[in-house]
Structures are given as structure tokens and as C-alpha cells.
Amino acid sequence: LRKCHAYLRVLKILSDRDAPSKHRRFLKTSAGNRLLSDPSANVRWLSVRLLRSIAQVEESSRQKLKARLGQEQSPLVLESLIRTLGLFLEEDPALKRRYIELADHKSDIVRAASVRWLAHLNDASDRSVADLLEAKLKSDDSKSVGKSICLELALRPDDKGLSALLNVVRSAVHRANEPCFLALTSTWIAPSLPKMSVTGFDATITELTRRLDDDVKIPWSVMARLGQGGHLVKGSKLSDAQLVQLRTRLLATVHAKAQDIQVRVGAVQALKTYGASPQTFNAIIETYENAADFSYQLSARAKMYQVAPIDTP
């Protein structure tokens, strides 16, 4: 974008931060509407960005964006249009049909953006969309498409999306395996949840156990997310039995030589999060302090919590 002269020209026009807010809105609306059909995809992308907030309240700009969605060829611009118009999907059948068409686009970033908004509708009565999402989750080999669907499945109330999500998490070949496993942890560890999913927690423990037993890689992103559950401990959201389950799996991960060292070090960090005893860290230090390979990092991390008081629920 920094090499696009037309893009820089638009930025210069809009760079007057001292202009009154009404004047700036007029400039953004005017520039955005006029540049939606610019030959440069970079400029068209910028025009969508300029109109993003305006389109939420101004019908005429919204209609121009919808018209552009039916003509646009650039994946960069299409993805931005899809994100901008997604809020109006439920109320506009024609727009919904266009999103369904774009779910088969040759670009995976376009497919991913479309299916995420279609999944966000969460309309159990619409079997056509439900069937489309199920088919996409099974057949689309794009990691970003699988991730988009799993993120929405994880947010569905009453664990209604867990079954389809778990099919991907347990698959040895699905490219969205890692982001879907991460989405599974979000069903119970996300701070914004009104309540944590007990089913999601149990499924996470089961999946950790399976991967440890079968020497299947645990993604570093999942271990990092597990280390972010301090709010659950402070809020007494986890039972004593659940804490024991977590600590047991995390300690097993620390000692799992088949797992990447970054994951094992992350497990030491997560043990601290869930109130492991000083004795646990002392044992880790004794085991790995003189390690000849990268395992010495486990001892180094455990020393950070050897003396520091450990929070207990």
C-alpha cells in the first residue's frame, strides 16, 4: 500500500485531523463512495475501510457496498466487504445468498470470511446453511476456513457446536486441527463467557490425555491459552477435582519428551497458573537442572516459581 500513489493521495486528503468531525465524515463518505470502483484494488480496499462505520447508519453507502460485493473480483477487497456487511446478513436474503456463493470462492480468505458470518447466524432452522457449513468443515482443506467455522461453533450456547468441532480436533489430517483445538479451550477459558462449558472442559482434558498417550503434538497456542486461566482460579470457577485434572495433565506434559520444548515450558507456566505446589516445581528443577539438552529450560522456568508464593483457589 505504501507504494500505491493513489492510496497515498487519498490518505493525504483525509489527513487533516483538525477538520471538524462533520467535515471529516463528509470527506470519508465522499471519498469512499467515489473510489469504490477505482482501478486500484488497494484504493478500493481503502474505500471500504472509509465506509465501514458510516455504512452502519447510512443506507445509501450500505447499498453501494452491497452492489460492489456483487462485482468485486479482488480477494483483498472482497474479504473487507464481507466483514463490513456481515452485520446485515440476517435481515437481507439476497446478501445471504451472495455469502453462500462466496463460500465456494477460489480464495480461502474469502471463503473463510463468508463461512464465519454464515456460521455466526446460528439459525438451526436453516438446514441449507447448516449443511453447507458441515460440508465445508469436512471437505475444505483450508486452515483458515476450518478456523472460521470452529470459532463460531465454540460460541454456540448449550454446547450445540461441540460435536462438529471435536470431529476436527480429533482428526489426524484436518488442517484446521490446531485452531479448532484452540477454539475448544475457548468454550470454558474465555473471560467473556457468562459461564464455562463443563463439557468443553472435559473434552479438553480428554484430548490432552489422548495426545499425551499417543505422542500426538499439542499445539503451543493451546498450551499458551491454558496458561491464561488465572481468572478461573481467582473466581473459584474450577472445582478441586477439575484443578487436579488440569495439574495432572500439565505435569504429564512437562515430562512428555515427544512434545516440543516450548509446549513443555508452557506447561510449567500453566502449572503456576493453576496453583501447583512449590514441591511440584522443586521436583521439576531436580529432574532437569543438569539436563544435557534443551530440557534445562524446564528447570529454569520452574525456578521462577520455586520461592514465589503460589496462589491457591
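Reference entry: report on the structure contained in this document. Everything numeric in this text was worked out from a predicted model, so none of it was measured. (Residues numbered from 1 in each chain as written. Predicted model: local features only at pLDDT ≥ 70, side-chain atom pairs only at ≥ 80, totals over all residues. Heavy atoms only, no water.)

1. So, the overall build of the protein
Stated formally: By the criteria applied, helices consist of DSSP H or I runs no shorter than four residues and strands consist of E runs no shorter than two, each listed in order from the N terminus. Using a 1.4 Å probe on the protein chains alone, a residue whose accessible area is under 20% of its type maximum counts as buried, one over 50% counts as exposed, and one in between counts as partly exposed. What makes two residues a contact is simply this: any of their non-hydrogen atoms within 4.5 Å. Computed by Shrake-Rupley with a 1.4 Å probe, the accessible areas treat only the displayed protein chains as cover when residues are assessed. In this tally, Lys and Arg are treated as positive and Asp and Glu as negative; His is ignored, and so are the chain termini. Lysine's charge is taken at NZ, arginine's at CZ, aspartate's at CG and glutamate's at CD.
Helix and strand counts for the protein come out as 18 helices and zero strands. For the protein, the C-alpha atoms occupy an extent of roughly 70 × 50 × 35 Å along the three principal directions. When the 313 residues of the protein are sorted by exposure, 49% land in the buried category. Considering only residue pairs separated by 6 or more positions, the protein has 61% of its internal contacts joining residues 24 or more positions apart. Within the structure as shown, the protein displays about 16,500 Å² of accessible surface, and the carbon and sulfur contribution to it stands at 52%. Side chains of the protein carry 47 positive and 34 negative charges; the gap between the two charge centres is 7 Å.

2. A short note on helix α4 (residues 59–69)
The test is simple: The directions from the helix axis to the C-beta atoms form the arc being described.
Burial in α4 covers these residues: Ser61, Arg62, Leu65, Lys66, Arg68 and Leu69. Along α4, the residues classed as buried sweep out an arc of 160° about the axis, all on the same side.

3. Thoughts on the packing of helix α10 (residues 162–169) against helix α12 (residues 198–213)
A packed helix pair is summarised by two numbers, namely the angle formed by the two axes and the spacing between the axes. Short version of the rule: Lines are fitted to the C-alpha atoms to define the axes, a helix being fitted only along its stretch in contact, and any angle between axes, read from their N-to-C directions, falls within 0 to 180 degrees. An angle below 35 degrees is read as roughly parallel, one above 145 as roughly antiparallel, one from 65 to 115 as roughly perpendicular, and any other as oblique. Here is the rule for handedness: rotate from the far helix to the near one, and if that takes an anticlockwise turn smaller than a right angle the crossing is left-handed, while a clockwise turn gives right-handed. Amino acids outside the nonpolar list (Ala, Val, Leu, Ile, Met, Phe, Trp, Tyr, Cys, Pro) and the charged list (Asp, Glu, Lys, Arg) are all regarded as polar, and Gly is one of them.
As a packed pair, α10 and α12 sit with axes 12 Å apart at the nearest point and diverge in direction by 15°. With respect to α12, the element α10 is oriented roughly parallel. The hand of the α10/α12 crossing is right-handed. Contact residues: Leu162, Leu166 and Val169 in α10; Thr199, Gly200, Ala203, Glu207, Arg210 and Arg211 in α12. When grouped by side-chain class, the residues that make up the contact of α10 with α12 number four nonpolar, two polar and three charged.

4. What to know about the state of the cysteines
The following threshold applies: Working definition: a disulfide is two cysteine sulfur atoms within 2.5 Å of each other.
One pass over the full model with this rule turns up one disulfide. Residue Cys150 pairs covalently with Cys180 via a disulfide, S to S 1.9 Å. The sign of the 85° torsion about the S-S bond sets the Cys150-Cys180 disulfide as right-handed. In this pair, Cys150 is assigned in helix α9 (residues 143–154) and Cys180 in helix α11 (residues 177–189), connecting sequence segments 30 residues apart. Take Cys150 and Cys180: they sit in the same class, and that class is buried.

5. Regarding the nonpolar core
Where a protein is soluble and globular, its nonpolar side chains tend to be buried together. This is how the line gets drawn: Working definition of a nonpolar core: buried Ala, Val, Leu, Ile, Met, Phe, Trp, Tyr and Cys residues. They are joined through side-chain atoms within 4.5 Å.
Grouped together as the largest cluster of nonpolar side chains are 86 residues, with contacts concentrated most on Leu69, Tyr99, Trp188, Tyr274 and Ile284. When neighbours within four sequence positions are excluded, Ile284 is seen to be in contact with Leu251, Val254, Val268, Leu271, Leu298, Ser299 and Ala302.

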